[in-house]
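Commentary on secondary and tertiary structure
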Amino acid sequence: MSQQGYVATPPYSQSQPGIGLSPPHYGHYGDPSHTGSPPGMMKPAGPLGAAAPGGMLPQGHPPHGPHQFGQNGAHAQGPPLQRFPGPPPVNSAAPSYAPYSPSTQSSYPSPVSTSSVAQLGTQLSAMHVNSYAANYGPQMAGAQLSYPGGFPGGPAQMAGPPQPQKKLDPDSIPSPIQVIENDRATRGGQVYTTNTRGQIPPLVTTDCTIQDQGNASPRYIRCTTYCFPCTSDMAKQAQIPLAAIIKPFATIPSNETPLYLVNHGETGPVRCNRCKAYMCPFMQFIEGGRRYQCGFCNCVNDVPPFYFQHLDHIGRRLDHYEKPELSLGSYEYVATLDYCRKNKPPSPPAFIFMIDVSYSNIKNGLVKLICEELKTVLEKLPKEDQEETSSLRVGFITYNKVLHFFNVKSTLARPQMMVVTDVSEVFVPLLDGFLVSYQESQSVIHNLLDQIPEMFADSNENETVFAPVIRAGMEALKAADCPGKLFIFHSSLPTAEAPGKLKNRDDKKLINTDKEKILFQPQTNVYDPLAKDCVAHGCCVTLFLFPSQYVDVASLGLVPQLTGGTLYKYNNFQVHLDSQQFLNDLRNDIEKKIGFDAIMRVRTSTGFRATDFFGGIYMNNTTDVEMAAIDCDKAVTVEFKHDDKLSEDSGALIQCAVLYTTVSGQRRLRIHNLGLNCSSQLADLYKSCETDALINFFAKSAFKAVLHQPLKVIREILVNQTAHVLACYRKNCASPSAASQLILPDSMKVLPVYMNCLLKNCVLLSRPEISTDERAYQRQLVMTMGVADSQLFFYPQLRPIHTLDVKSTTLPAAIRCSESRLSEEGIFLLANGVNMFLWLGVSSPPELIQGIFNVPSFAHVNTDITSLPELGNPYSQTLRMIMGIIQQKRPYSMKLTIVKQREQPEMVFRQFLVEDKGLYGGSSYVDFLCCVHKEICQLLN
């Protein structure tokens, strides 16, 4: 066939049709430590780049025979199938592809170049219903469609009568909303007990009660799959990343039991002599209870005399249910002095508040707002449940191009200020009176907070420093010999002469070039060693940024990222509009559950080990994950690799231990244990996957790679891996079917739509209206997200508000994120955990507009407001309640934007309709599905 055939081609598949058949690249994106072929360019496997026989086999397997794709044979029955139409089978003759049109605004491997949109339309409309579709019953997504004669527009189609036109129906492809609703319907509101190894928990979007019966709650640990492949060959074949997303301090609802605290006195926790794993339900007691075999390394240990207990008739200790460490997946130990710095008990931590008092911050009222709010939030400093008042101490620094330390000792009549002008070698000018108890020094502190805005009212200083501010806070904590957290309120590029000085390097010319990665790297080498020092002294940095122009988030955000802090950003902050969002964030951050000066170690049973870590962490070696602090919203994603075979009998065991200091200054160990299954059947691996966790892993590994790799290469690898994972399933687990059908495992029905959302995110795909700072900010947000937060971030919730039942307390059902789901007569609420939009259709019902905004019509609505007026009517109350429920449990206060249909700001809103084609590149869900299906067909040919 000589003609152009199927033109909806991803650009990267032109030169190498065999792309993606070499061993897997996942999680590494060709970073320097994983060399091989050039990054992302997978070598053509056979002559002229045609796929070598044997598809995705590791080299060395026989090319033919039923086992060419592993143990299961092509006919193994897998989990329930999801079938729906795809593009035509790829011709085995090397197809000639339409040239990729460089005129598109992005280098995203969109399956449609601008020139080929029309052809794709023809191609989709050429699909028609097969006569045997009815055989498959309603569980298959929509009708079975195929291409007549193989290629649309090909000779076979020209012969014969005209075909009936049918476009690929978006309703016939898997819906994330449906998957979420189905899980809620079957598992919502129930009790989920963790007594079985390798069981798959309810989705993160499903509310249920979790009862710990020997494995950690999914609130603490979620996995990409709950069944690991027995061998590394199987893992390479499937290319499903083996990873856990661990949120050690996750918030637990009030109806679930908080963690028990085990105290063994001076002897400390019982641990395996060889691998140092902590006593847990995976230890097997033998010889009448005198010894135990470690579940992780199989070493046989003596039971310490104080810990001895007899066994019952099934070999279980008589006190099994009385000891949390024997019967529960998660618990805490009181740590002994051996676990403390310098072998002495830690001092209670401190919070230091550091306020940028440069000219613009004074003039716009920000400094006054911060000082007023601190009086309120200091009343709510975190404390242990049994404590009357918080043990935390507090200190205050203001700065512009010099630093001002304040002595707020309780015996002083008024605060004293000391100025440090040498910012190149910062020192702490006072010890006594800098860090104080809020309760004892309350009146002096309030006096100070009243004075600060007046003290600097006449200052014209607009230049600021930044690195010396962090250095000063860290030195103060170091001098007081305690861990702690810096709260920095900053708003401009630090251009004053000092270490860490930055210049404006926001260069749009780098976008879509191989140098684009520079925009995500810090511009000076001051911040990395500074972060290392902070972690070494237990100094966490949280940064509240108020930029009105470029501030170089990639540089300023590095220390918060590496110290386990949080970055908050409020663009073009206006006190009268944006203060509520900022104040909510500040209150939430100060009050949240947090551990200081933490070290995390992830141990595994024999056969596999933790190899890669992603999150707000610092690593001095390959095993110790160091965090100056870790709070209830931060997750660490851990990737595992085989170093031997795993056995189906013993499974794969994971123990995460976090050593940390509490807010009251007690050293503790928090332990989470999880047992996973192992199997030599690929079908079991696919059955046990969790797509939400997979996307969390893919996003973090891709966003980490952004620092070293061209974005185009990263996007290609993500598309490749998606196709690989699904092709392996099709080849090994699905029953045979026509090549024109795309077949997805039940657990991965929505992998393509979520993957497409990730590919279109502004970090991986630049857009003209998104600033470099915003991209660096979003990259940093995602790196510490747990599974629930990344799920909402990449696939936002969209809910109709005009159908509200004001008598009901249930949320209106979510709908798919596509413009086709909106209506002119409707009002819709969209939230992704960072932003919230209320979209008003041009024909919105006036009574609803009146009820929500207290104005008579659509035209009268003021779109500048960032919060809804509190009105006494049912519409207003119900909508505000719904927004409150959506905001609950989310780490960031979402800024509300009112959007009117057909007005300019609607462009920003439409970027969140993630199933649609991006305005600046990036495929629609339907197009991406075609692209992935095409890749799968190429891999299988």
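The structure displayed is predicted, hence computed values, not measured ones. (Residues numbered from 1 in each chain as written. Predicted model: local features only at pLDDT ≥ 70, side-chain atom pairs only at ≥ 80, totals over all residues. Heavy atoms only, no water.)

To continue, consider the overall build of the protein chain. Per the secondary structure count, the protein chain includes 23 helices and 32 strands. Within the span of the protein chain, comprising 941 residues, buried residues form 60% of the whole. The contacts of the protein chain with a sequence gap of at least 6 include a subset with a gap of at least 24, amounting to 74%. (Helix = DSSP H or I, 4+ residues; strand = E, 2+ residues; numbered from the N terminus. Buried < 20%, exposed > 50% of the residue type's maximum accessible area, 1.4 Å probe, protein only. Contact = heavy atoms within 4.5 Å.)

On to the pairing of strand β26 (residues 652–661). Burial analysis of β26 places 10 of its 10 residues in the buried class, the great majority of the element. Side chains A652, I654, C656, V658 and Y660 project from β26 onto one buried face, and the interleaved L653, Q655, A657, L659 and T661 project onto a second face that is buried too. Pairing between strand β22 (residues 594–604) and β26: seven bridges, direction antiparallel. Looking across to β26, one finds that R603 is bridged to Q655. Sheet analysis places β26 next to strand β27 (residues 667–679), joined by 10 bridges and oriented antiparallel. Bridging across to β27, A657 finds its partner in I671. In this structure, the hairpin formed by β26 and β27 is closed by a connection of five residues, where G665 is found at a positive phi of approximately 90°. (Pairing = 2+ DSSP bridges.)

The four strands lie next to each other as β29-β30-β31-β32, forming an open sheet whose pairing is mixed. In the strand order of this sheet, the two ends are held by β29 (797–800) and β32 (895–900), each with one partner. Taking each pair of neighbouring strands and ignoring which way they run, the sheet shows an average axis angle of 20°. Note that strand β30 (residues 827–831) and strand β31 (residues 835–840) share five bridges and pair antiparallel. (Axes fitted to C-alpha atoms, helices over the stretch in contact; angles between N-to-C directions.)

Turning to the UniProt feature "domain: Zinc finger Sec23/Sec24-type" (unreviewed entry) in the protein chain, a few remarks are in order. The UniProt record annotates "domain: Zinc finger Sec23/Sec24-type" (unreviewed entry) at residues 269–307. Taken end to end, residues 269–307 comprises 0% helix and 23% strand; its first and last C-alpha atoms sit 10 Å apart. (UniProt positions renumbered as here; feature names shortened; annotations may be inferred.)

For the protein chain, the average pLDDT comes to 85, and 82% of its residues sit at 70 or higher. Here residues 1–28 is a poorly scored stretch, pLDDT under 50, and it has 104 contacts once near neighbours within four places are set aside; other chains count. (pLDDT = per-residue confidence, 0-100.)

Below, the discussion takes up the environment of L811. You can see L811 is positioned in the loop between β29 and β30. You can call L811 partly exposed: its relative accessible area is 26%. Between the C-alpha atoms of L811 and I882, which are 71 residues apart in sequence, the distance is 6.4 Å. Those residues within four positions of L811 in sequence are excluded, and the remaining contacts are R799, I882 and I885.

Even without glycine at this site, E287 takes up a positive phi of about 50°. Of note in this structure, N343 is not a glycine but carries a positive phi near 55°. By the secondary structure assignment, N343 is in the loop between β13 (330–334) and β14 (350–356).

Here we take up the packing of helix α15 (residues 691–705) against helix α18 (residues 772–783). Packing of α15 against α18 leaves a shortest axis separation of 9 Å and a crossing angle of 135°. With respect to each other, α15 and α18 are oriented oblique. Viewed along their axes, α15 and α18 form a crossing whose handedness is left-handed. When α15 is examined against α18, the residues A699, K700, F703 and K704 are found in contact with a partner set consisting of Q778, R779, V782 and M783. For the contact of α15 with α18, the residue count by class is four nonpolar, one polar and three charged. (Parallel < 35°, antiparallel > 145°, perpendicular 65-115°, else oblique. Left-handed = near helix turned anticlockwise from the far one by under 90°. Nonpolar A, V, L, I, M, F, W, Y, C, P; charged D, E, K, R; others polar.)

Read across the sheet, four strands follow the order β6-β8-β25-β23 without closing on themselves; strand pairing throughout is antiparallel. Either end of the sheet is taken by a strand with one partner, and the two such strands are β6 (221–223) and β23 (608–614). Pairs of neighbouring strands in the sheet enclose a mean axial angle of 25°, with direction left out of account. In this structure, strand β8 (residues 243–246) lies alongside strand β25 (residues 636–642), joined through four bridges in antiparallel fashion. Following the sheet pairing, I245 is matched in β25 by T637. Strands in contact with α15 are β6, β8, β23 and β25; relative to β23, the strand with the most contacts, it is inclined by about 60°.

With that out of the way, let us pick up the packing of aromatic side chains. The tally for this structure, following the rule as stated, stands at 36 aromatic pairs. Ring centres 5.5 Å apart and planes at 55° place the aromatic pair F405 and F434 in the tilted group. Of this pair, F405 sits in strand β16 (residues 403–407) while F434 sits in the loop between β17 (416–420) and β18 (436–437); the two residues are 29 residues apart in sequence, bridging distant segments of the chain. The pair F405 / F434 is uniform in exposure class, with both members buried. (Phe/Tyr/Trp six-rings, centres within 6.5 Å; stacked < 30°, edge-to-face > 60°.)

The next point concerns a nonpolar patch on the surface. Together, M417, V419 and M455 line one region of the surface with nonpolar side chains, adding up to about 240 Å² of accessible area. Inspection of the secondary structure assignment puts M455 in helix α8 (residues 438–455). When its relative accessible area of 33% is taken as the criterion, M455 is described as partly exposed. (Patch = residues over 30% accessible without salt bridge, like charges linked within 9 Å, V, L, I, M, F, W, Y side chains within 5 Å. Areas by Shrake-Rupley, 256 points an atom, 1.4 Å probe, with all protein chains shown as cover. Salt bridge = Lys/Arg side-chain N within 4 Å of Asp/Glu carboxyl O.)

Here we come to the pattern of salt bridges. Should the charged atoms of two oppositely charged side chains come close, the side chains can pair. All told, the structure shown has 43 salt bridges when counted by the stated rule. Between E690 and R222 there is a salt bridge, with the nearest N and O atoms lying 2.9 Å from each other. With a gap of 468 residues between them, E690 in the loop between α14 (682–687) and α15 and R222 in strand β6 connect regions that are remote in the sequence. E690 sits in the buried class, given a relative accessible area of 4%. Relative accessible area serves as the criterion here: at 8%, R222 is assigned to the buried category. The partner of K342 in a salt bridge is D481, with the nearest N and O atoms 3.8 Å apart. Residue K342 is found in the loop between β13 and β14, and its partner D481 is found in the loop between α9 (467–480) and β19 (484–490); the two are separated by 139 residues along the sequence.

On to helix α10 (residues 527–536), then. Within the span of α10, buried status applies to Y527, L530, A531, C534 and V535. An end-on view of α10 places all buried positions within 140° of arc, on one side of the element. At its buried positions, α10 is contacted by α9, β20 (539–545), α11 (553–556), α12 (558–562), β22 and β24 (625–631). In the stretch just after α10, G538 is the one whose phi turns positive, near 65°. (Arc of directions from axis to C-beta.)

Counting residues in hydrophobic clusters, the biggest one holds 174 residues, and the most contacted among them are F396 and F582. Here this core gathers at least three residues from each of two domains, domain 1 (350–592) and domain 2 (796–913). Aside from chain neighbours lying at most four places away, what touches F396 is F353, L374, L378, H404, F405, F406, V408, F434, I445, L448 and L449. F249, M600, A610 and M627 belong to the second largest nonpolar core, which has 35 residues in total. (Core = buried A, V, L, I, M, F, W, Y, C linked by side-chain atoms within 4.5 Å. Domains from an automatic or database assignment.)

Turning our eyes to something else, we now look at the environment of K569. The residue K569 is located in strand β21 (residues 567–569) in this model. Sequence separation between K569 and H490 is 79 residues, and the spatial gap between their C-alpha atoms is 9.8 Å. Apart from residues lying up to four places away in sequence, K569 is in contact with L545, P547, V553, D773, E774 and Y777. There is a polar contact of 3.0 Å between the side chain of K569 and the side chain of N571. A polar side-chain atom of K569 sits 2.7 Å from a polar atom in the side chain of E774. (Polar contact = N/O pair within 3.5 Å; in protein donor to acceptor, adjacent residues only side chain to side chain.)

So, about the environment of V763. Of note, V763 is situated in the loop between α17 (751–760) and α18. If sequence neighbours within four positions are ignored, V763 has contacts with F520, F703, V706, L711, R775, Q778 and R779.

When you line up the elements, D916 lands in the loop between α22 (906–910) and α23 (925–940). Although D916 lies buried, it forms no salt bridge, and the closest oppositely charged side chain, R910, sits 6.3 Å away as judged by the N-O distance. Engagement of the side chain of D916 in a polar contact is seen with the backbone nitrogen of E819, the distance being 2.7 Å. Those residues within four positions of D916 in sequence are excluded, and the remaining contacts are K760, C817, S818, E819, S923 and S924. (Lys, Arg positive; Asp, Glu negative; His and termini not counted.)

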